[in-house]
Amino acid sequence: MTAPAPRTLPAVGDSRGIHFPPIHKHTRGDGLRVWTVEHRGLPVVCLSVLWPIGSAADPVDRFGLTSLTADLLDEGTRTLDAVALHDALARIGSHLEGEVGPDAAALGLVTLVRHGARATELLADVASHPRFDESDFVRVRDNRISRLVQMRDVPAAVAERIFGTQLYGAHPYGHSSVGVERTLRATTLDDVRRFHAEVLLRTTPTIIAVGDVTPADVIRWVDAAWPVQAGGFVAATAPSVSTAALPKGPSLSLVQRANAAQSELRVGRVSAARSTPDYAALAVMNTILGGTFVSRVNLKLREQKGFTYGVRSTFDYRREPGPFSVQTSVQASATTEAIADILTEIRDISGARPATEVEIAKAQAALTRSYPRSFETVEQVARAVAQMALHGLSDDYFDNFVRDVSRVTAAQVSDVAQRYVPAEDLHVVVVGDRSHLSADGLGRGPIVERSVGED
Amino acid sequence: MEIAYTKTTLANGLDVILHEDHALPIVAVNVWYHVGSKDERPGRTGFAHLFEHLMFEGSANHDSGYFPPLQDAGAAVNGSTNADRTNYWEVVPTGALELALFLESDRMGFLLPALTEKKFTTQREVVINERRQNYENRPYGLAGIAMATALYPSRHPYHWPTIGYTPDLRDATLDDVRDFFARHYHPANASLALAGDIDPARALALVERYFGDLPAGPPVPAVAVPHDGIASERRIVLEDRVDRPRVYLAWRSPALFAEGDAALDVVADVIASGKTSRLYRTLVHERRLALDVSAAQSSRELEGFFQLAATAAPGRTLAEIEAVVTAALAELAADGPTDAELSRALAQAEANFIYRLQTVGGFSGKSDQLNAYNVYRGDPGSFDADLARYLRLTPADVRDAARRLVASPHVALSVVPTGGSDQALAGSETAVAS
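What counts, and where the lines are drawn
- Residues numbered from 1 in each chain as written.
- Chains lettered and ligands numbered in written order.
- Predicted model: local features only at pLDDT ≥ 70, side-chain atom pairs only at ≥ 80, totals over all residues.
- Heavy atoms only, no water.
- Contact = heavy atoms within 4.5 Å.
- Buried area = accessible area lost by both parts, 1.4 Å probe.
- Salt bridge = Lys/Arg side-chain N within 4 Å of Asp/Glu carboxyl O.
- Polar contact = N/O pair within 3.5 Å; in protein donor to acceptor, adjacent residues only side chain to side chain.
- Pairing = 2+ DSSP bridges.
- Helix = DSSP H or I, 4+ residues; strand = E, 2+ residues; numbered from the N terminus.
- Axes fitted to C-alpha atoms, helices over the stretch in contact; angles between N-to-C directions.
- Buried < 20%, exposed > 50% of the residue type's maximum accessible area, 1.4 Å probe, protein only.
- Core = buried A, V, L, I, M, F, W, Y, C linked by side-chain atoms within 4.5 Å.
- Domains from an automatic or database assignment.
- Phe/Tyr/Trp six-rings, centres within 6.5 Å; stacked < 30°, edge-to-face > 60°.

Enquirer: I would appreciate a short explanation of the interface of chain A and chain B in the present structure.
Expert: Much of the literature gives interface size as the accessible area that the parts lose upon coming together. Listed per partner, the contact involves 75 residues of chain A and 78 residues of chain B. In total, about 6600 Å² of surface goes out of reach between chain A and chain B, with carbon and sulfur atoms giving 55% of it. It is A:Arg7, A:Tyr309 and A:Glu376 in chain A that bury the most area against chain B; as a group they hold 12% of the surface buried on that side. The tally of links between chain A and chain B comes to nine salt bridges. For A:Arg7, the salt bridge goes to B:Asp106, with nearest N and O atoms at 3.5 Å. At the surface where chain A touches chain B, the tally comes to 39 residue pairs in polar contact (both at pLDDT 80 or more).

In structure tokens, the structure reads:
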């Protein structure tokens, strides 16, 4: 029989640290890269291909082209129609996941190791020899347009779209990767074919494999399946558009939604790039401000006031400066007060109520102690490796993160808050009923009504 | 793919399941309370889910929020509620196991002394806002509530939504929720699973230390289920802020692990899951009547429900979709799946069983699965038995499950744009969704 415990909060004991596993890097004669991480335990492997080219490279009259092309890849290949392709994937317990962001496009799957060679073959076939049938193209494009129309009824989607244009204007980050109705209607199958052949297929791909495999296995699979690029692959050319021409904040935008039960809110600005030297300090600052359940904004709006189911802040780190945003949905009657509270919390962290030593120590502990659970599944490790490949992070980057976070000081937290999220510049977007919004006292200027229609 | 574990039942009835996995220095702590919205009564709905909020607000020996100490310790923390059960979990660094056990035991044994009117009213507002965000202010968000209302008679434990009715939440008193806690939240109605970087002997001693002296609590009576089904097909319509009409067809179906449950998963797979499915090919790919189509057998403890949904493409009607769906189901019920369809579905099922073993904690990680098998089957090690249900299916089993399904009456719900009730299936009455 064990004696009952004293009922007091136990101290947290030490846990062993972990190291990010080694990445085996192989570059083929044509420049194609194969990066392998051995992750043992279960007989599974995650295989993906990453191209460092994303929706930011979409031509201005063809917003959505990269994403639409990626979406069409799994409609079949020269030798397998769509049904045969998906049947083949299902038979190896797999399905394709495509993802297109502003800076990159990726295609990947998880399968059982015994199907690794077949999975690589299917991945290579889909990437290199898509069928691109006219009828599939029309259906997929029209479905995307229908979805965009449907998204007008989703407050969070409307808020994201307006927030993007409000922050970035004509900058390549100003449109979402799915595009808009006008540009999708203008897009033809020839546009897709040309983009695929002349841009995507010529850009250096990185094949990332994580699982119960050896680098030799993976290289053999890739060599057998991936077409060699005559003349070699070329590096992606990132769009170079100055951030000097970005719309100036502050602003207050409203999309009217009569009698909405809640108002969807976004508060933020263009902020930090992935390459920022302040990454660790920003992580600590954001943890305190809005990155966790116990953050200042969530405690204020959810736990003290009960205005919302939740509120959080995030930095979306990209190749060029990405958005900082506070995101929430609040009960309609609390709209103006909630915006004022969010602005106050952002202002105060670099001013009246700087982060305390206790808050900083807690944020550092949360960030460093939670680190090991980010690398449990093959997909999680593959995502981390993709970050390294895309942003050129060093192999010891994730191991150094713990050390860098531990060194962040109070002065750095105030400093990055001031420089990256100055409250006076922030844009505010509201999707809700205007009767609950007042510009008075928010310091954002007058309410500007916006709409998402045929644009 | 057997998972090595031990199961011990403490003197107070708490089941304790331990599984070692030393891949990373983390431990998953997972508690299931065998209480869900099925254990509520009409007029007092939403309590099980409301507790999922109150359980993080403090207990007698730690009377402040549960998130701060756990997040400082580097934990991931969450919980969820459905009709059948509530789960609470943490994934902590190895050195924070005792902290997590203390907190879980303290809210199991000592929540009520710390439960104040203020915490109760604040979290009630949070829940009402959760309801607005996820149901009322979301396109098609009230469809599930409308469907359950029509599918189950008013006294059936699955009739009301887990999130609860807003007037019930407003009417709830502190005494009501205290009473609900006393009935359902105690060791004899709970199951605790630890998975990860543990030494089982030391872990069990810690569990005994923190949970061993909690009183067992009263026996929980089984929930009474009225056996009246829906008498005949019903058609209902709900207007919503949506652009495209969508039709939902739902049948009451076998319970989790009951005869026909696994076969209906295969029916869903063959008929409407993914691009190889029959209805994706006809409705979306070839005839372009629908933007999307999906189907699922929702396996639940008292009984399941099988639901199929499709959204009309521009210029197409729900009646056209319904005709194609009805014909496809009739065909499957007559002829069953092909051998190729069945073997493909089973290959996916087998792979998914393995993928789910990648995480020790969180929703559907190993600790959650051990608890699910323990609570629903009394045997945490049911992984192989569960998979075997699928691997032994024959085309005739799947055909028969489809046949029994379509022979029973169903509810057809049309969700249409505001003012567009003419876009609903003919003869639909107004749905109740509150």
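Enquirer: Explain the sheet that holds strand S7 (residues 251-256) of chain A to me, please; I cannot follow it from the model alone.
Expert: Paired through backbone hydrogen bonds, the strands of a sheet run either parallel or antiparallel to each other. Residue and element names in this part refer to chain A. Pairing in this open sheet of six strands is mixed, and the strands run S9-S10-S8-S11-S7-S12 from one edge to the other. Each edge of the sheet is formed by a strand with only one pairing partner; in this case those strands are strand S9 (308-315) and strand S12 (447-450). Here the average twist between neighbouring strands, direction ignored, is 20 degrees. By the bridge criterion, six bridges tie S7 to strand S11 (residues 427-432) in an arrangement that is parallel. Each residue of the ladder has a partner; that of Val255, found in S11, is Val431. Sheet strands in contact with helix H5 (residues 155-168) are S7, strand S8 (262-270), strand S10 (323-331), S11 and S12, and its direction is about 25 degrees off that of S8.

Enquirer: Would you mind showing me how to read the side chain of B:Ser367 here?
Expert: All names here are of chain B. With respect to the helices, strands and loops of the structure, Ser367 is situated in helix H13 (residues 366-377). Looking at Ser367, the relative accessible area reads 1%, which means it is buried. In terms of polar contacts, Ser367 uses its side chain to reach the backbone carbonyl oxygen of Val360, at 2.7 Å. In contact with Ser367, not counting residues within four places along its chain, are Ala28, Asn30, Ala193, Ala195, Val360 and Gly361.

Enquirer: Could you clarify how one ought to interpret the nonpolar core in this entry?
Expert: Residues A:Phe20, A:Met285, A:Ile346, B:Leu279, B:Leu283 and B:Ile321 are the most contacted members of the largest nonpolar core, which totals 139 residues. When residues are assigned to domains, this core turns out to be shared by domain 1 (24-225) and domain 2 (251-449) of chain A, each giving three or more.

Enquirer: I tried to follow the packing of aromatic side chains on my own but got confused; where do I start?
Expert: When we look at a pair of aromatic rings, we describe it by the centre distance and by the angle of the planes. Residues and elements named next belong to chain B. By the definition in use, this model includes 30 aromatic pairs over all chains. Geometrically, the ring pair formed by Phe56 and Tyr88 is tilted, given 6.0 Å between the ring centres and 50 degrees between the ring planes. Of this pair, Phe56 sits in the loop between helix H1 (47-54) and helix H2 (67-72) while Tyr88 sits in strand S5 (residues 86-93), placing them 32 residues apart in sequence. With a centroid separation of 4.9 Å and an interplanar angle of 5 degrees, the aromatic rings of Phe181 and Tyr185 are classed as stacked.

Enquirer: Could you clarify how one ought to interpret the environment of B:His62 in this entry?
Expert: Inspection of the secondary structure puts B:His62 in the loop between H1 and H2. Put simply, B:His62 and B:Phe110 are 48 residues apart on the chain and 9.4 Å apart in space, counted from C-alpha to C-alpha.

Enquirer: So what exactly am I meant to see when it comes to the pattern of salt bridges here?
Expert: When the charged atoms of two side chains lie near each other, side chains of opposite charge can form a pair. Applying the stated criterion across every chain, the model contains 64 salt bridges over all chains. Two residues, B:Arg235 and B:Glu322, come together in a salt bridge whose shortest N-O distance is 3.1 Å. Note that B:Arg235 is positioned in strand S7 (residues 234-240) and B:Glu322 in helix H11 (residues 318-335), a separation of 87 residues in sequence. Owing to a relative accessible area of 13%, B:Glu322 belongs among the buried residues under this scheme. Salt bridges sharing partners connect three or more residues here, namely A:Asp74, A:Glu75, A:Asp136, A:Arg139 and B:Lys275.

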